[in-house]
Amino acid sequence: MPQSSSPFPSIRARADARPITDTKVVPPRAAQRLIPREGLMSRLVDARRLRCVTIQGPAGFGKTSTLLAWRRELLGMNFDVAWFSLAPEDNDLERFSNCVLASLAEVEPGLGAGATVLLDRDSDEIAIEHWVIMLIQTIAQRPRELVLMFDDAHHIEDPRLFLLLQWLLEYAPVHLHVVLAARSVVPLPLAFARLRAQGQLAEFDLSDLRFSAAESERLLREYLGNIDKRDAAVLHELTDGWAAGLQLFAVDLKAKQMVGYNRVQVRDASTFASYFEREVLVRLPPVDLRLLTCASVCDRFSAALCATLLGQPQAVPRVLTRLVRLDGEGLFISQIKSQDRETWYRLHPLLREVLRARLAMLPDAERRALHATARGWFAAQGYVDEAVRQAVLADDPEAAADIVEASAGELLSKGDLSQLSGLLRRLPERQMEDRPGLRLVMAHLQLYSRNYVGCRQSVARLMSSLDRLDENQRHALTVLRGSYAMHRDDTDTMEALVPELQAIPGNASDFVLSGRSNVLAWLHMYKGEYEQARILLDANAHLSGSPRRGLLGRCMNGLSQAIEGRITQVEHVLREVMQEAEGQGPGYLVISTMAAAMLATALYEQGDHEGVCMLLERRMKILERVALPDTALQATLILALANWLEGRRAEAQSWAERLEQHAERDGLDRLLVYALFVRMRFALATGRVALADEMLVRIEAVADKHVPPHRGTSQEISVMRSRAHIERLLWGEEYAEVVERARALIDLSSVEGRYRRVAMLQLQLGIALRGLNRIKEGNDQIVEALRTGHRLSLLRSLLDTAPQVTEVLGVLQSEGALDPVLGFYVQRLLAVSGSGVAEKVRTDETEPRPLSHRELEILELVAQALPNKKIARVLNVSPETVKWHLKNVFLKLGVAGRDEAIAKLRDQGVALPGVKL
């Protein structure tokens, strides 16, 4: 079997690998003769603020036209409307969720982006619920009314999609409204029963969609210009008000020049097909019939595509003229609004079924040839999804696999992982087995989805068949092994791979070079070689000018600054990265999320604890699924510490425990030690010495697994063991041992370039020396710590080092032992030390305190009658945290319960987001 080259070089011909989702998420153009139906529209408009509206009826009864007319009314009332036209291929969790996000992005770019990349074919119920929660959290932040319309929802069959819809309806904020149009009843009995009981469901069926006699006559007059009232009444009776049947008779009468019509009842799709075949298609000009039959192989078509299918690629202008004429008649085809350069059309759905039935009667070779021609055209234009679909329909899995393999590198580089995953699922299993390049692509997807077991197995299989890989594929496998080690926090394996990574030539693909750069830069960081890491990242960013790769390099640059402790540079670099990434598509979501995690370190240092919570909490699910261990570690730790300093101790404990669970689940010992360390710190702060000692014992047990320590992960684990002992000894005022341990650790950290850690240890050493009455030595160490901290713009890191910090700094300030610069720096430190909620409360207990952003969020959900457990799910916190917040709210408002709190806010005129008070 001939094999293509590596999946990772850049694609040369039409490499943009474009999806075609815009035709699904942009509403089809309304028919030119859209008949006004005042009664139906009035009832739909009245239902506009309900949680859910269903429109159910057989094919051809005008469900789509009704949605389009209603959409026009809603837009005029300043509602936002998102649209999703479903097809059989959308009965897939990953594809469905991505189409929902694409439809929301049509309303507002980035709307719902926080839910991207969370769902794949292995997602369980918990993952689906988390996806829905993240989606509605994003929607809840915008005040405008939003209607999400699902057309042709009868294509949904996957039970997980029904579960997704059920949670969407259950958790939706008051300004989100879901509309489901389908040929059959959408099976959501529990959700619909609850909504009916709440008066939040409006149901429209065949009796509502059926045209009245007057509406039938109006439709016929619109199409024909004039018709006898008796003929209109007869046609209404024959069709029973079925819109598609009325249109069919109109076509027939127009073709016969109003001579007459057969008095045959046409009330469903089967009689429509029979009548259309017998009475309409036979009189259609042969050139038009052939054009429409060829076009029916595709869900959408353009003049250029049709000309190619007809074997006349040079006849595009002539074909376009015919399409414009057929579109003008408004019965056979209609134009699709699209955002690319082509003008796209689609067939009337019932006509498409008739024509595809004719197509099925063609000889197999002729039918496959049509699909093969369509495949070639779509592939040449870069429409990879449709090209693969047509290749499969042409019974040519080899061609389908070639297309996927050729586009994989581009899709990986752009971050379009869901599209690539969907393409792979369309291929027969044998193609995956026979092509190492495709197995390599699958291994990368397994890594990005955190399927570490699957990725490890895939790597092992690829390593056992190296002789089947070409040079570029071997380079890609090397990068994959390095990336896997980076995600597993395995510096030993990364160190061993350095010679292979450095041997990759400069003419390798963009994807390979970018991956190599990131792996080597990460390793440089953990050797304390920050400048080398940044030089490497900067050089890689300029190799091809890829915007995504450039942003990712800058994000990794920010990570190096954070590890080194240069907080001012962290903020400068990552604010820009986050803003630029958020303005791009879903492929940039991982970058914006990583940037937010690192940016939070700067906010925390500045004492903006609430800002940390607002920045990170809604992103944590994504971070835990896609981020490198360091990013997830930094974000979770800082979130725990920020909540603690804001007085939310239950939530802080919850985040620390969550980091511990994450580390244990993925076998990441370094993250586990950090989680235990912060839990020990919280225990000491509340006087629970026994619990703190239990955490210290667990830290010792983990560290003992990495003896003797050497550079990399194992050494950092050893360092954290020493830091834990130092903090425990400081709390117990056992200063002599602190001095011994701190000096050794300062020397090591200085060699590694961990200057933030150096400053913290110097401060702890100074406090211990003062505790031993070695005042001058202690003061000298504290001054050195302050100089380092001032140079790095550290604030909160120094304050967190020991309970004695603020007292010692106050003494030094009062003794005049500091120069003016350090004196001012200490003033800033002391000001930040008093920024937590607990300190604020103590300064003036009588002053009324405003409700925080989180408290207002909780009250918004309380106003929707959600219990504490569901509020906790929506906000991604523990039920205990919700109880803690509500207790504070009741105290601030001077009330005894939920109802009183909402009533008091109404009295005060306080607005909650999304709640009409």
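What you see is a predicted model; the values in this text were computed from it and never measured.

Novice: Before we go on, may I ask you to explain the environment of Ala652 in this structure?
Specialist: Looking at where Ala652 falls in the secondary structure, it is placed in helix α34 (residues 649-666). Overall, the relative accessible area of 0% leaves Ala652 in the buried class. Taking the C-alpha atoms as reference points, Ala652 and Val678, 26 residues apart in sequence, are found 9.8 Å from one another.

Novice: Honestly, the pattern of salt bridges in this entry has me stumped. Any pointers?
Specialist: Within this structure, the stated rule accounts for 60 salt bridges. Notably, a salt bridge pairs Arg142 with Asp80, separated by 2.8 Å at the nearest N-O pair. Separated by 62 residues along the polypeptide, Arg142 in the loop between α5 (125-140) and β3 (146-151) and Asp80 in strand β2 (residues 80-85) bring together distant segments of the chain. The exposure class of Asp80 is buried, given its relative accessible area of 12%. Arg756 is paired through a salt bridge with Glu605; the nearest N and O atoms lie 3.6 Å apart. Of the two residues, Arg756 is situated in helix α39 (residues 755-771) and Glu605 in helix α30 (residues 589-605); the sequence distance between them amounts to 151 residues. Each member of the pair Arg756 and Glu605 is classed as buried. Linked through salt bridges whose partners overlap, the residues forming this network are Asp489, Asp630, Arg670, Glu716 and Arg754.

Novice: Whenever I open this one, the side chain of Thr293 confuses me. Can you help?
Specialist: Positionally, Thr293 belongs in helix α13 (residues 286-295). When its relative accessible area of 13% is taken as the criterion, Thr293 is described as buried. Leave out the neighbours within four places in its chain, and Thr293 touches Leu355, Arg358 and Leu359.

Novice: Looking at this structure, I do not really get the sheet that holds β2. What am I missing?
Specialist: Sheet strands pair by backbone hydrogen bonding; their relative direction is either parallel or antiparallel. An order of β2-β3-β4-β1-β5 is seen for the five strands of this open sheet, with the pairing classed as parallel. Each end of this open sheet is capped by a strand with a single partner; those strands are β2 and β5 (201-204). Between one strand axis and the next, the sheet turns by 15 degrees as a mean value, whatever way the strands run. Relative to strand β4 (residues 176-182), β3 runs parallel, the two sharing five bridges. Bridge pairing in β4 links Met149 to Val179.

Novice: What am I meant to see in helix α46 (residues 868-875) here?
Specialist: Note: α-helices contain 3.6 residues per turn, so residues at a spacing of three or four share the same orientation. Of the residues making up α46, those classed as buried are Ile871, Ala872, Val874 and Leu875. The buried residues of α46 all sit within an arc of 165 degrees when viewed along its axis, so they share a single face.

Novice: Would you mind showing me how to read the nonpolar core here?
Specialist: Nonpolar side chains in soluble globular proteins tend to be buried together. Met525, Leu574, Val612 and Leu616 are the most contacted members of the largest nonpolar core, which totals 102 residues. Per-element accounting of this core gives the leading share, 12 residues, to helix α35 (residues 669-685). Those residues in contact with Val612 that lie beyond four places of it in its chain are Ala600, Leu603, Tyr604, Ile638, Leu639 and Ala642. Within the second largest apolar cluster, 62 residues are counted, among which are Tyr171, Leu851, Ile858 and Val882.

Novice: Sorry, what's going on with helix α4 (residues 93-107) here?
Specialist: Across its 15 residues, α4 extends 22 Å between first and last C-alpha, which sits within 8% of the 21 Å expected from 1.5 Å per residue. Turning to α4, its buried residues number three or more, namely Leu93, Glu94, Arg95, Phe96, Ser97, Cys99, Val100, Leu101, Ser103 and Leu104. Sitting at the head of α4, Asp92 places a side-chain oxygen 3.2 Å from the backbone nitrogen of Glu94.

Novice: What is the right way to read the confidence of the model for the chain from this model?
Specialist: Fine structural detail should not be taken from predicted coordinates in areas where pLDDT scores are low. Across the chain, the average pLDDT comes to 83, with 87% of residues at or above 70. No element of the chain has a lower mean pLDDT than helix α44 (residues 837-843), which averages 33, and none a higher one than β3, which averages 96. In this model, residues 835-847 is a region of pLDDT below 50 whose contacts with residues beyond four sequence positions or in other chains number 13 contacts. Low confidence marks residues 913-917, where pLDDT is under 50. Its contacts with residues over four positions away, or in another chain, come to 14 contacts.

Novice: Hey, could you run me through the pairing of β4 in this one?
Specialist: On a regular strand, one side chain projects to one face of the sheet and the next to the other, so that they alternate. With respect to burial, β4 is a largely interior element, seven of its seven residues being buried. Summarising the sheet, strand β1 (residues 52-56) and β4 pair through five bridges and their orientation is parallel. When the bridges of β4 are listed, Gln56 appears paired with Ala182. What joins β3 to β4 is helix α6 (residues 159-171), and the crossover it makes is right-handed.

Novice: It is not clear to me how the packing of aromatic side chains should be interpreted in this structure. Could you clarify?
Specialist: Within a pair of aromatic rings, the relevant descriptors are the distance that separates the centres and the angle that separates the planes. One pass over the structure, following the stated rule, counts 13 aromatic pairs. With 5.7 Å between their ring centres and 85 degrees between their planes, Trp344 and Tyr383 make a pair best called edge-to-face. A residue pair is termed long-range when its members are at least 10 positions apart, and Trp344 in strand β7 (residues 344-347) and Tyr383 in the loop between α17 (364-381) and α18 (384-393) qualify at 39 residues. The exposure classification of Trp344 matches that of Tyr383, with both residues buried. When the centroid spacing of 6.3 Å and the interplanar angle of 15 degrees are considered together, the rings of Trp377 and Tyr383 count as stacked. On the basis of relative accessibility, which here comes to 1%, the residue Tyr383 falls in the buried class. Site record: aromatic cluster; members linked through ring pairs are Trp344, Trp377, Phe378 and Tyr383. When the ring centre of Trp344 is taken as reference, the NZ or CZ atom of Arg300 above it lies at 3.6 Å.

Novice: Looking at this model, I keep getting lost on the packing of helix α31 (residues 609-616) against helix α33 (residues 629-645). Mind explaining?
Specialist: Between two packed helices, the angle of one axis relative to the other and the distance separating the axes together describe the packing. Their axes nearest at 9 Å, the elements α31 and α33 cross at an angle of 135 degrees. Considering the angle they form, α31 stands oblique to α33. At the point where α31 passes α33, the crossing takes the left-handed sense. Mapping the contact onto sequence places His609, Val612, Cys613 and Leu616 in α31 and Ala635, Ile638, Leu639, Ala642, Asn643 and Leu645 in α33. Residues that form the contact of α31 with α33 fall into these classes: eight nonpolar, two polar and no charged.

Basis of the calculations
- Every chain's residues receive numbers from 1 upward, in the order its sequence appears when written.
- A pLDDT threshold of at least 70 governs which residues receive local features in this predicted model, and a stricter bar of 80 or more applies before side-chain atom pairs are shown or counted, although totals over entire chains, interfaces and linings include all residues.
- As a rule here, side-chain values come from all non-hydrogen atoms in the structure, and water together with hydrogens is ignored.
- A helix here means a DSSP run of H or I that spans at least four residues, while a strand means a run of E at least two residues long, and both kinds are numbered starting from the N terminus.
- To sort residues, take the accessible area from a 1.4 Å probe on protein chains only and compare it with the maximum for the residue type: under 20% means buried, over 50% means exposed, and anything in between is partly exposed.
- Only one rule defines a salt bridge in this text: a Lys or Arg side-chain nitrogen within 4 Å of an Asp or Glu carboxyl oxygen.
- Any two residues whose heavy atoms approach within 4.5 Å at even a single point are treated as in contact.
- Strand pairing is assigned whenever DSSP detects at least two bridges linking the two strands.
- Structural elements are reduced to axes, namely lines fitted to C-alpha atoms, with helices fitted over the stretch in contact, and the angle between N-to-C directions of any two is expressed from 0 to 180 degrees.
- Throughout, the arc means the angular range of directions from the helix axis out to the C-beta atoms.
- Side-chain atoms within 4.5 Å are what join buried Ala, Val, Leu, Ile, Met, Phe, Trp, Tyr and Cys residues into a set we call a nonpolar core.
- By this rule the span expected of a helix is its residue count minus one, scaled by 1.5 Å.
- In protein, a polar contact means a hydrogen-donor-capable atom and an acceptor-capable atom, both N or O and within 3.5 Å, with residues adjacent in sequence counting only if both atoms are side-chain atoms; elsewhere, any N or O pair within 3.5 Å suffices.
- Values of pLDDT, the confidence the predictor places in each residue, fall between 0 and 100.
- A crossover counts as right-handed when, viewed with the strands pointing away from the observer, the path leading from the first strand over the helix to the second turns clockwise.
- By convention, a stacked pair of Phe, Tyr or Trp rings (six-membered ring in the case of Trp) has centres within 6.5 Å and planes under 30 degrees apart, an edge-to-face pair has planes over 60 apart, and any other such pair is tilted.
- Sitting over a ring, as applied to charges here, requires NZ of Lys or CZ of Arg to be within 6 Å of the ring centre and within 35 degrees of the ring normal.
- Orientation is classified from the angle alone, with under 35 degrees giving roughly parallel, over 145 giving roughly antiparallel, 65 to 115 giving roughly perpendicular, and any other angle giving oblique.
- Crossing handedness: left-handed means the near helix sits turned counterclockwise from the far one by under a right angle, and right-handed means the same turn made clockwise.
- Amino acids outside the nonpolar list (Ala, Val, Leu, Ile, Met, Phe, Trp, Tyr, Cys, Pro) and the charged list (Asp, Glu, Lys, Arg) are all regarded as polar, and Gly is one of them.

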